[in-house]
Amino acid sequence: MITIILGHKGSGKTKKLIELVKAAIDNTKGNVVCIEKGTKLTTDVNYRARLISTDSYEVKGYPAFYGFLAGVCAGDHDITDILVDATLRIGGRNYEELASFLEKVYELSEVNEKHFVFTISADKAELPAEIFNFCKVVE
């Protein structure tokens, strides 16, 4: 399952993501991972969630981003939730590539039984319609 948190910069997406990290920690018997670009969430994310910066692994573009997420899944079969902040800053602003990426992540989530959450700095109208066939939206 994929959930996307939509809104422009300053609309509270990261705050919602942090709340979802806390809820995931409280409601799962598995592991929770929070992925960000940079290190701004260090003090906001509960220590029980694994916090990973894509900058530490030089992840740039959607193919590398997908490989990174697949590697995280392969490295720990106990992960139940993966929450990602700043999706477009990691992968890029090409919305067609974003749609393809999210479809692949959806397939990954179904096969590995993981719940993914992504923050996306855009309006719903800006994104390709096919994204909403497999993504739940929180605005």
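A quick note: this is a predicted structure, and the numbers were derived from the prediction, not measured.

**Regarding the nonpolar core**
In terms of nonpolar packing, the biggest core is built from 33 residues, with L69, I82, L98, F118 and I120 touching the most fellow members. Only β1 (2-6), β2 (31-36), α2 (62-75), β4 (79-84), α3 (87-91), α4 (95-112) and β5 (115-120) provide two or more residues apiece to this core. In terms of residue count, α4 provides more of this core than any other element does, seven residues in total. Residue contacts for I82: discarding those within four places in its chain leaves V33, I35, L69, V72, C73, H115, F116 and V117.

**Overview of the sheet that holds β5**
The strand order across the open sheet built from six strands is β3-β2-β4-β5-β1-β6, with neighbouring strands paired in parallel fashion. Here the strands that pair on one side only, and so sit at the sheet edges, are β3 (50-53) and β6 (135-138). When strand polarity is set aside, the average angle formed by the axes of neighbouring strands in this sheet is 20°. One ladder, built from four bridges, connects β4 with β5; its direction is parallel. Opposite L83, over in β5, you have V117 as the bridge partner.

**Considerations on unusual backbone geometry**
At A86, a residue that is not glycine, the phi angle is positive and equals roughly 65°. Assignment of secondary structure puts A86 in the loop between β4 and α3. Residue E113 is not a glycine yet carries a positive backbone phi of 55°. As for its placement among the helices and strands, E113 is situated in the loop between α4 and β5.

Cut-offs used in this document
Residues numbered from 1 in each chain as written. Predicted model: local features only at pLDDT ≥ 70, side-chain atom pairs only at ≥ 80, totals over all residues. Heavy atoms only, no water. Core = buried A, V, L, I, M, F, W, Y, C linked by side-chain atoms within 4.5 Å. Buried < 20%, exposed > 50% of the residue type's maximum accessible area, 1.4 Å probe, protein only. Helix = DSSP H or I, 4+ residues; strand = E, 2+ residues; numbered from the N terminus. Contact = heavy atoms within 4.5 Å. Pairing = 2+ DSSP bridges. Axes fitted to C-alpha atoms, helices over the stretch in contact; angles between N-to-C directions.

In short, geometric facts, not functional conclusions.
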